[in-house]
Amino acid sequence: MTRIIHITDLHFWRLVWNPALLCNKRLLGNLNLALRRRHYVRQERAESFLALYRSLDADAVLIGGDMTTTGTNAEYKLAAAFVNELAQVGPPVFMVAGNHDLYTFEAQRKHRFESYFSDRLQEPEKPQLTYMPGDIPLLLVPTAKPNLLSSRGAITGAQLVATRRLLEERAPDRLLVLAHYPILDNPAVYNNGVLRRLGNAEALRRVLGVSGCPTLYLAGHVHRFSHARDPRFQNLTQLTTRALFYEKDDCPGGFTEILFDKDACTVYPWRYCDGWERASEPSAC
Ligand SMILES: [Fe+2]
Ligand SMILES: [Fe+2]
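These notes cover the structure that comes with them. A quick note: this is a predicted structure, and the numbers were derived from the prediction, not measured. (Residues numbered from 1 in each chain as written. Chains lettered and ligands numbered in written order. Predicted model: local features only at pLDDT ≥ 70, side-chain atom pairs only at ≥ 80, totals over all residues. Heavy atoms only, no water.)

1. Quick word on the overall build of the chain
Convention followed: Only DSSP runs of H or I reaching four residues or more are called helices, and only runs of E reaching two or more are called strands; each is numbered from the N terminus. Only C-alpha atoms enter the radius of gyration, while the globule expectation follows 2.2 Å times N to the 0.38, with N the number of residues. Partly exposed residues are those whose accessible area sits between 20% and 50% of the maximum for their type, while under 20% is buried and over 50% is exposed, using a 1.4 Å probe and protein chains only. By definition, residues are in contact when any of their heavy atoms lie within 4.5 Å. For the accessible areas, the method is Shrake-Rupley and the probe is 1.4 Å, while residue cover comes only from the protein chains on display.
When helices and strands are tallied, the chain shows seven helices and 16 strands. Its C-alpha atoms give the chain a radius of gyration of 18 Å, within 12% of the compact-globule value 19 Å for 285 residues. Here the chain holds 285 residues, and the buried ones make up 57% of them. For the chain, the proportion of contacts with a sequence separation of at least 24, taken over those separated by at least 6, is 71%. About 12700 Å² of surface is accessible on the chain, with carbon and sulfur atoms providing 51% of the total.

In structure tokens form, the structure reads like this:
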């Protein structure tokens, strides 16, 4: 049996007081952080999560992006320290960027995500097909980009071609995909408005769907747990995971545990409610 832990949307935060760092989108982000987000992103839970993670006997941890809130060096240092502690536990760490990691064009221009996580990334702007313990194929798909005001993501035509080519050439018999943005609408669980969606999501969905490969697509960004089969492509299932440190009445924090046993895959959502709790029953989709 192979145990995979999916965490996402950590949103490490640090308020900015230097006006020179607030002359871009970060001014709005910092205001939102000061008034709202810092009250419900409980980053002080990092220690208790690490203690739990050490006890889970995981084979790999997948991180779905939004490591930071406004993409500053101070936030990246917190995020990198956390990821280094995760890595010291032993199992490999795989990760992709979220839109908050590229919160400003400056964060992208300075390649902060790549430089703080250089040990765990190869070519973060290209789709990569790698193998996890248990020989489980993992496709890493970059979907984040900086925006002036919105939270939209993007996958380029070249990235779609590269994804299709990887699937054709390597012909995996099953697939786990790690990305930041969902590709399916799931209005019963989350409302992903047009300014928050992945542009070209349909094209990525089609590439994965027509491949015919049994695929579990892991996303974050919507900060809620969901687990649903694509109504059009029966080989495609999407799972979205809670924001790790969130504490909102309608949006608790948590992560997801995925167990692979031969061809079977079982999913258990965890949530934080006065402590880390695993769902008593696996999620069915
Ligand atoms: Fe997020
Ligand atoms: Fe996001």
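2. A closer look at the coordination of the iron ion (ligand 2)
This is how the line gets drawn: Donor atoms are limited to N, O and S found within 2.8 Å of the metal ion, a distance that becomes 3.2 Å for Na, K and Ca. With water left out, some sites might look partial. Every angle between 85 and 135 degrees makes a four-donor site tetrahedral, while opposite donors more than 155 degrees apart, with all other angles between 65 and 115, make a four-donor site square planar and a six-donor site octahedral; other sites are irregular.
Note on the iron ion (ligand 2): its protein donors are Asp66 (OD), Asn99 (OD1), His180 (NE2) and His221 (ND1). The metal-donor distances range over 2.2 to 2.3 Å. Around the iron ion (ligand 2) sit four donor atoms; with metal-centred angles ranging over 87 to 157°, the donor geometry is irregular. Written as a sequence motif, the donor arrangement for the iron ion (ligand 2) is D-x32-N-x80-H-x40-H. In this structure, the iron ion (ligand 2) lies 3.5 Å away from the iron ion (ligand 1), the two metals sharing aspartate 66 as a donor. Residue aspartate 66 is located in the loop between strand 2 (60-63) and helix 3 (73-89), and its partner histidine 221 is located in the loop between strand 9 (215-219) and strand 10 (226-229); the two are separated by 155 residues in the primary sequence.

3. A word on the pairing of strand 4 (residues 128-132)
Put simply, the rule is: Strand pairing requires that DSSP identify at least two bridges connecting the strands.
In this structure, strand 4 lies alongside strand 5 (residues 136-140), joined through five bridges in antiparallel fashion. Following the sheet pairing, threonine 130 is matched in strand 5 by leucine 138. The antiparallel pairing of strand 4 with strand 5 creates a hairpin that spans three residues between the two strands, and glycine 134 there sits at a positive phi of about 85°.

4. Considerations on the coordination of the iron ion (ligand 1)
Those protein atoms acting as donors to the iron ion (ligand 1) are Asp9 (OD), His11 (NE2), Asp66 (OD) and His223 (NE2), and they sit at 2.0 to 2.3 Å. Considering all four donor atoms around the iron ion (ligand 1), angles at the metal cover 87 to 166° and the coordination shape is irregular. All donor residues of the iron ion (ligand 1) come from one chain, and their arrangement in sequence is D-x1-H-x54-D-x156-H.

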